[in-house]
Amino acid sequence: MSKQLSLETELVHVSHKDGNNASVAPVYLSATFKPNSFDDMGEFDYTRSGNPTRATLQQHLSKVMKAKFVYAVNSGMAALDVIVRSLAPGDEVVAGDDLYGGTDRLLTYIKTVNGVKVGHYDTTNLELITSKITKTTKMVFLESPTNPLIKICDLKAIADYAHKQNPECVVVFDNTMMTPLLMSPLELGADIQYESATKYMNGHHDVMAGVLATNSEVLAKKLFFVINATGSGLAPFDSWLMIRGLKTMALRVERQQENAIKIANWLESQNVKVRYPGLKSHPHYELHNKQSRGPGAVLSFETGDVSLSKKIIEACELYSVTVSFGYVCSLISLPCLMSHASISAETRKERDFPEDLIRLCVGIENVDDLIDDLDSAFKKSGFK
Ligand SMILES: Cc1ncc(COP(=O)(O)O)c(C=O)c1O
Ligand SMILES: N[C@@H](CCSC[C@H](N)C(=O)O)C(=O)O
């Protein structure tokens, strides 16, 4: 077909080569591959360098992410590790002040151990963030919406500014919360888009994976070099599970988002302070709408008291008290003790991170059941 297919269609149609005409892409659980001959060594020799199942996943993701080069690695953090390995001591990096805890931890490591100069700033303040990007800035790290404060930054404005200052500056965008369905960072000026595929892309909490995408051949070569040199490429069976999970991503994300919108509105009707870009009360509602195709399914809210937040979380029956998001089941967590515990309490305070913040990662269950569960947890904990 010559017509450009929609993402929902691309997601379920996986092209693959198989001598037996299998309908589903097979899994190649082989570490090694024989050459055809010494004149024709073939496409694969060793799974660390390349594997047919991982190649099928990467080609599939290349269509889904509309990116020329895509690599699948063994976690979202491995994807970030591949990116930061191109930084040298003294290089200047500008990063957001609200990033996933593990991202913050790795950036702190390269700052303290490798001598990379990393500065964290409020990315919602365009004047501030652009004033920190100079002609010598090597990389900019952004998340939007951020995990877990749900802050929104203007990706296009920041990327345009960074490239004007230094055309070689690499703008890196973590698109885990949005997925390729809801946001296209490369089209907005990011040089590298990466995602924790452990979340929505897989959707079933049975795989750890990360994905890197770029349209730059120069960057792609550097990324592949590190993946091959260090062995962080995604294992064949995990690649196969990823291909399977991706087929339902559109259905899952649509339902999760629909549920999240209803839950956010219900929470607001209870006079709870909610952070969700699908609510008009979000300070950057318009900006998020402009640069995305939906608010996603992660939201957070405050109760005013950490012990009350703990009681609410413990009183929930349907929401599982679990880190991560993007799973088909709904999850509830206290980021300061869970996903963001690797950021010191002092730094969290400096960055206005509320310790009582509860994060909800909405699943595909019946939304009335989810609202009833929260309502009853509120009542049991004495919150309402
Ligand atoms: C926004 C975000 N980026 C990256 C990661 C890292 O991904 P992974 O756990 O797959 O290493 C996570 C969570 O872990 C995350 O929430
Ligand atoms: N113990 C883990 C915590 C993982 S948090 C996973 C996820 N990104 C989230 O935001 O919930 C660690 O130390 O990394």
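Residue numbering note: each chain is counted from 1, following its sequence as written. Whichever chain is written first is A, and whichever ligand is written first is 1; the rest continue in order. Only residues with pLDDT of 70 or above have their local features reported here, since the model is predicted, and side-chain atom pairs are shown and tallied only from 80 upward, although totals for entire chains, interfaces and linings are computed over all residues. Side-chain descriptors were evaluated using all non-hydrogen atoms of the structure, hydrogens and water having been removed beforehand.

> When you look at the sheet that holds strand S8 (residues 273–275) in this model, what are you seeing that I'm missing?
Paired through their backbone hydrogen bonds, the strands of a sheet run either parallel or antiparallel. Read from one edge of the open sheet, 5 strands run S8-S9-S12-S11-S10, paired in mixed fashion. Of all strands in the sheet, those with a lone pairing partner are S8 and strand S10 (320–321), marking the two edges. Pairs of strands are assigned from DSSP output, requiring at least two bridges between the strands. The numbering of helices and of strands both runs from the N terminus, where a helix is a DSSP run of H or I of at least 4 residues and a strand a run of E of at least 2. Examined bridge by bridge, S10 and strand S11 (residues 331–333) share 2 bridges and lie parallel to one another. Counterpart to Val321 in the pairing with S11 is Ile332. In what follows, residue pairs with any heavy atoms lying within 4.5 Å of each other are defined as contacts. Convention adopted: a line fitted to C-alpha atoms gives each axis, helices being fitted over their contacting stretch, and angles between N-to-C directions are expressed from 0 to 180 degrees. Sheet strands touched by helix H10 (residues 249–269): S8, strand S9 (298–302) and strand S12 (358–361). Its angle to S9, the strand with the most contacts, is close to 15°.

> Quick question: what am I supposed to make of the UniProt feature "modified residue: N6-(pyridoxal phosphate)lysine" (unreviewed entry) in the chain here?
UniProt positions are given in the numbering used here, feature names are shortened, and annotations may be inferred rather than shown by experiment. Annotation from UniProt places "modified residue: N6-(pyridoxal phosphate)lysine" (unreviewed entry) at Lys199. One can find Lys199 in the loop between strand S6 (192–196) and strand S7 (210–214). Only protein chains enter the calculation, and the probe is 1.4 Å; a residue is then buried if its accessible area is under 20% of its type maximum, exposed if over 50%, and partly exposed in between. Judged by relative accessible area, Lys199 falls into the buried class, the value being 14%. Of note is the side chain of Lys199, whose polar atom sits 3.0 Å from the side chain of Ser196. Throughout this description, a polar contact denotes any pair of N or O atoms lying within 3.5 Å of each other; where both atoms belong to protein, one of them has to be capable of donating a hydrogen while the other can accept it, and for residues adjacent in sequence the pair is counted only when both atoms sit in side chains.

> Just to check I follow, could you spell out the site of ligand 2 for this structure?
Being near a molecule or strand, for a residue, comes down to having at least one heavy atom within 4 Å of it. Every residue close to ligand 2 is listed here: Tyr100, Arg105, Asn147, Lys199, Val323, Ser324, Ser339 and Arg359. Tyr100 places a side-chain nitrogen or oxygen 3.0 Å from an oxygen atom of ligand 2. Ser324 is positioned such that a nitrogen or oxygen atom in its backbone is 2.5 Å from an oxygen atom of ligand 2. Burial of ligand 2 by the protein chains amounts to 70% of its free accessible area of 390 Å². A class-by-class count of the residues in the shell around ligand 2 yields 2 nonpolar, 3 polar and 3 charged. Counting residues domain by domain, the shell around ligand 2 receives three or more from each of domain 1 (7–246) and domain 2 (249–381). For accessible areas, the Shrake-Rupley method is used with a probe of radius 1.4 Å. Any residue's cover is judged against the shown protein chains and nothing else. Each residue receives one of three labels: charged for Asp, Glu, Lys and Arg, nonpolar for Ala, Val, Leu, Ile, Met, Phe, Trp, Tyr, Cys and Pro, and polar for the others, Gly being one of them. Boundaries between domains were set according to an automatic or database domain assignment.

> I'm lost on the packing of helix H12 (residues 306–315) against helix H14 (residues 367–381) in this one. Help?
How two helices pack is summed up by the angle between their axes together with the distance between the axes. The interhelical angle for the contact between H12 and H14, taken along N-to-C directions, is 130°, at an axis separation of 8 Å. Compared by their axis directions, H12 and H14 come out oblique. In the crossing of H12 with H14, the sense of the turn from one axis to the other is right-handed. Between H12 and H14, the residues in contact are Leu308, Lys311, Ile312 and Ala315 and Ala377, Phe378, Lys380 and Ser381, respectively. Broken down by class, the residue content of the contact of H12 with H14 amounts to 5 nonpolar, 1 polar and 2 charged. With respect to orientation, any angle under 35 degrees is reported as roughly parallel, any angle over 145 as roughly antiparallel, any angle of 65 to 115 as roughly perpendicular, and every other angle as oblique. Handedness of each helix crossing follows the sense of rotation of the near helix against the far helix: counterclockwise by less than a right angle gives left-handed, clockwise gives right-handed.

> For this particular structure, what's the right way to read the site of ligand 1?
The immediate surroundings of ligand 1 are formed by 13 residues, with Met77, Asp174, Ser196, Thr198 and Lys199 found nearest. For ligand 1, an oxygen atom lies 2.9 Å from a polar atom in the side chain of Asn147. Thr198 places a side-chain nitrogen or oxygen 2.6 Å from an oxygen atom of ligand 1. When the free accessible area of ligand 1 is taken as 380 Å², the share hidden by the protein chains comes to 92%. Among the residues making up the shell around ligand 1, the classes are represented as 5 nonpolar, 6 polar and 2 charged.

> What should I look at first to understand the pairing of strand S3 (residues 117–121) in this one?
In the case of a regular strand, side chains alternate between the two sheet surfaces. Pairing geometry for strand S2 (residues 92–96) and S3, over 5 bridges, is parallel. Across the sheet, Val93 pairs through a bridge with Val118, a residue of S3.

> Help me understand the sheet that holds strand S5 (residues 170–174) in this model?
Read across the open sheet, the 7 strands follow the order S1-S7-S6-S5-S4-S2-S3; overall the sheet is mixed. Each edge of the open sheet carries a strand with a single partner, namely strand S1 (69–73) and S3. Averaged over all adjacent pairs, the angle separating strand axes in this sheet is 20°, with direction ignored. Relative to S7, S6 is paired through 5 bridges, and the arrangement is antiparallel. Its bridge partner being in S7, Glu195 is matched across the sheet by Val211. Relative to the sheet, helix H6 (residues 155–165) contacts strand S4 (137–143) and S5, its axis offset from that of S5 by approximately 160°.

> Mind showing me how you'd approach the packing of H10 against H14 here?
Look at H10 against H14: their axes get within 10 Å of each other, and the N-to-C directions meet at 30°. Considering their axes alone, H10 and H14 lie roughly parallel with respect to each other. Judged by the sense of rotation from one axis to the other, the crossing of H10 with H14 is right-handed. Residues Asn259, Lys262, Ile263, Trp266 and Leu267 of H10 touch H14, and the partners they reach there are Val367, Leu370, Ile371, Leu374, Asp375 and Phe378. Across the contact of H10 with H14, the residue classes break down as 8 nonpolar, 1 polar and 2 charged.

> Hey, could you run me through the domain arrangement of the chain in this one?
Buried accessible area, meaning the area lost when the parts come together, often serves as the stated size of an interface. Taken domain by domain, the chain comprises domain 1 (7–246) and domain 2 (249–381). The C-alpha centroid of domain 2 is placed 25 Å from the C-alpha centroid of domain 1. Taken together, the contact pairs 41 residues of domain 1 with 43 residues of domain 2. Summed over both partners, the accessible surface that disappears when two parts come together, traced with a 1.4 Å probe, is what is meant by buried area. Taken together, both faces of the contact between domain 1 and domain 2 bury some 3500 Å²; the carbon and sulfur share is 61%.

> Whenever I open this one, H14 confuses me. Can you help?
Taking 1.5 Å of rise per residue, 15 residues should cover 21 Å, and H14 covers 21 Å from first to last C-alpha, within 8% of that figure. All buried positions along H14 are accounted for by Val367, Leu370, Ile371, Asp373, Leu374, Ala377, Phe378 and Ser381. Buried residues along H14 cover an arc of 155° about the axis, so they all sit on one side. Of the residues in H14, the exposed ones pointing more than 90 degrees away from the buried face are Lys379 and Lys380. On the buried face of H14, the contacting elements are H10, S9, H12 and S12. Measuring from the backbone nitrogen of Asp368 back to the side-chain oxygen at the start of H14 gives 2.8 Å, which picks out Asn366 as the cap. Helix span, expected: 1.5 Å multiplied by one less than the number of residues in the helix. By arc we mean the arc of the directions from the helix axis to the C-beta atoms, nothing more.

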